[in-house]
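Single-letter residue listing:
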Amino acid sequence: MKKYLLASVSCMVLAAAAQADTYSLKSPNSRVQVDLSNNGNGLSYTVSLDGKQFISESSLGLIINDLPIGKNEMQFVGKEESSVNTSFNLVVGRTKSVADHYNTYTLKFTAKDERKLNLNLIVRAYDEGVAIRYQLPNQSGLTQFTIQNELTRFGFADDYSCFGLNLGKFANSHEGEFDPVKASSIREHNLYDNPLVCKTGVGQTTFALAESDVRDYPGSWFTGRGDGENGVDIRLTPRFDSRPDGLEKASVRANMTTDGFKTPWRVIMLGDTPGKLTESSLIAALGEPTQLKDTSWIKPGKTAWDWWNDNQVVFGKGATAAKPGMNTDTYKAYIDFAATLGLDYILIDEGWHQGSTTTSKPGSDVLKPVAAMDMPALLRYAKSKKIGIWVWLQWKQLDWQMEDALATYEKWGIKGIKVDFMDRSDQEMVDYFHKLLSTAAKYHIMVDLHGAYPPNGLVRTYPNFITQEGVMGAEYNKWSGRVTATHNVTLPFTRMILGPIDYTPGGFRHATPEEFPKLRRNTLPYVKTTRGQAVAMYVVYDSPLQMLADSPITYSKTEGAWPKPKSDWEDGLEFIKDVPTTWDETRILQGDIGQYIVSARRKGKDWYIGAMTNEAGRTLTIPLNFLDKGNYKVQTWQDGKTISTLTKADSTHTSADSLTLTLAPSGGAVVLLKK
């Protein structure tokens, strides 16, 4: 009897499988394939690379008004197919031109239950990965609705070795370590941020899970499946106004429009090496195209910064004896420093306007500088020195005066704003990001977002959004020992694959990991990496607005005097002065997650190489076969005899040569190659 029952069940499974509808889509190079099925278990998909399945059968669907759609077999309605082969230019970023080349289909379904809801699946297959999104077409019976969660799953075909940022709570600044974790150890109660990066064990093939084009929707997280199998499920951030007793957890409140409603892209990035993910601009390609016609006012560059070094400037001979701080003389000194080095900007951080706080404290006025700050005088002085000014703002205090403030800042001549402490990714905060960036663009204001959720394609939609935090950067050196060399060489393969990171490099006071605990301090802080790694960050890390985080006096060998003659400059400052912040092309020549990285960036005809290693020193041989034919003048800066010095050398090379770089523990190197 038992054998008969088992045989009957097997026959039923085979029959169901035979009746399943399967729809296959391949990438333009035919290496990537996504297969979508519709059967008695509902909607599901798999993803393969070169015929090897990496994403096993995984569910699809939504929970709308507390009921699932896609969990059971759907009625197939129709299919639309097309191919796209175009490109677009990024105003600023890791590359100038981005290929937008993919094959796509839209599958149309109707639920068989009493609601008869229509649901479309839009699928794209790129050479770099797969993207899937849900679309609810305009339909009767669905004018106002809520979405509690998605049924989107990423099943893993094996127990992959992953790297993830498990933050464990919805409200946070999205900062921390991407720790190694086996897929089998990811639990249902975990909240892993975007991206989750996994090494498959098949050669160096690596994939990353992420999202793009998030609008009218919350940010997402990855949780363990809860059934003991390998893989993760999507978890949406609940709305901030959900009931505090937990009896209602709406993630989305939506109104149907004439164009319908669509969710963000769920993205599986694929690369033959971890570095291929770092090179990729797939997340930007999936962002909504910009509506801006004139972007000539968007100017990337480098900025002097006050907060990390605690406003520590020393005035030269003949200057007033004002105490460094939030006052006019201090920022004139920063302007002088920026002008001396040929920087583009200074950033005035928290405390410049009345009522400025890091919290949403009422009583502020973002249009009234504190008494000690003569903003008109500073703006005139900066203009005379050809230096632009950025200012810091707490997000809610700005929101109370946004339209008036940004219109006024444009009249003042403010070039950009650093907006901070959002620390959320719910639907309301996502709406705020779009409101802020579109309003800032209206008044020709660039934006740097801190306390922000991870990038999701907004750099394409709003080119004035040129960098952001959402990364555990150099500021943590002020109060912790968490910023290690291993962390620094993990970021380019994890967080940075999504978009720019305002890591705020430039720390020029160095300590070994052993010395660091005794030297750690808030004012004029130390970093526990070498000078070589400090300069390499300006090539390795993507940020079209790049900080010089340390004090002007730290960049001078003559303490207390401005570093006007180059002979007074600290090692590496000359390179930082001239290195670009936005690129025409990016290639990752070598590297592995948490181990080391060698990045090559092209600007015009010049190439820059940045190399960084973890706590292990290493010697690297780098073939130069990415260069054009002909001779190149090569300048190399490598770790010197001490942790705070560099060794500089000049040579000539061609594309047939190789370059050898020796990196100290926690060290790095940079190379400039001119045709």
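Structure: above.
This text gives an overview of the structure that appears in the document. (Residues numbered from 1 in each chain as written. Predicted model: local features only at pLDDT ≥ 70, side-chain atom pairs only at ≥ 80, totals over all residues. Heavy atoms only, no water.)

What about unusual backbone geometry?
Right, so step 1: For the bond running from asparagine 194 to proline 195, omega is -5°, close enough to zero to count as cis.
Right, so step 2: With respect to the helices and strands, proline 195 occurs in the loop between strand E14 (179-182) and strand E15 (196-199).
Right, so step 3: For asparagine 65, which is not glycine, the phi dihedral falls at a positive 50°.
Right, so step 4: Here asparagine 65 lies in the loop between strand E5 (62-64) and strand E6 (67-69).
Right, so step 5: With a relative accessible area of 35%, asparagine 65 lands in the partly exposed category.
Right, so step 6: The phi angle at serine 666 is positive, at roughly 60°, despite the residue not being glycine. (Helix = DSSP H or I, 4+ residues; strand = E, 2+ residues; numbered from the N terminus. Buried < 20%, exposed > 50% of the residue type's maximum accessible area, 1.4 Å probe, protein only.)

What about the packing of aromatic side chains?
Right, so step 1: Inspection of every chain in the model, using the stated rule, returns 27 aromatic pairs.
Right, so step 2: Look at phenylalanine 433 and tyrosine 453: their rings are 4.1 Å apart centre to centre, the planes differ by 15°, and that puts the pair in the stacked class. One end of the pair, phenylalanine 433, is in helix H8 (residues 427-442); the other, tyrosine 453, is in the loop between strand E28 (446-449) and helix H9 (458-461), with 20 residues separating them in the sequence. Tyrosine 453 matches phenylalanine 433 in its accessibility class, with the two residues each being buried.
Right, so step 3: A ring pair is formed by phenylalanine 508 and tyrosine 555, whose centres lie 4.9 Å apart and whose planes are at 75°; its orientation type is edge-to-face. Of the two residues, phenylalanine 508 is situated in the loop between helix H10 (485-490) and helix H11 (516-519) and tyrosine 555 in the loop between strand E30 (545-548) and helix H13 (573-578); the sequence distance between them amounts to 47 residues. Like tyrosine 555, phenylalanine 508 is buried.
Right, so step 4: Among the aromatic residues, ring-to-ring pairing joins Phe575, Trp583, Tyr608 and Trp637 into one connected group.
Right, so step 5: For the cation-ring pair, lysine 332 lies above tyrosine 381, with the distance from its terminal atom to the ring centre recorded as 5.3 Å.
Right, so step 6: Cation over ring: arginine 460 sits above phenylalanine 88, and NZ or CZ is 3.6 Å from the ring centre. (Phe/Tyr/Trp six-rings, centres within 6.5 Å; stacked < 30°, edge-to-face > 60°. Lys NZ or Arg CZ within 6 Å of the ring centre and 35° of its normal.)

Focus: the pattern of salt bridges
Once their charged atoms are close, side chains differing in charge can pair, the charge on each being opposite to the other.
Right, so step 1: Taken as a whole and judged by the stated rule, the model has 36 salt bridges.
Right, so step 2: Note that aspartate 227 is salt-bridged to arginine 153, the shortest N-O span being 3.7 Å. Of the two residues, aspartate 227 is situated in the loop between strand E17 (220-224) and strand E18 (231-236) and arginine 153 in strand E12 (residues 153-156); the sequence distance between them amounts to 74 residues.
Right, so step 3: For aspartate 227, a relative accessible area of 40% puts it in the partly exposed group.
Right, so step 4: Across the pair lysine 557 and aspartate 571 runs a salt bridge, and its minimum N-O distance is 3.6 Å. Highlighted residues: lysine 557 in the loop between E30 and H13 and aspartate 571 in the loop between E30 and H13, separated in sequence by 14 residues.
Right, so step 5: Relative accessible area serves as the criterion here: at 22%, aspartate 571 is assigned to the partly exposed category.
Right, so step 6: Taken together, the shared-partner salt bridges connect Arg153, Arg225, Asp227 and Asp233 into one network. (Salt bridge = Lys/Arg side-chain N within 4 Å of Asp/Glu carboxyl O.)

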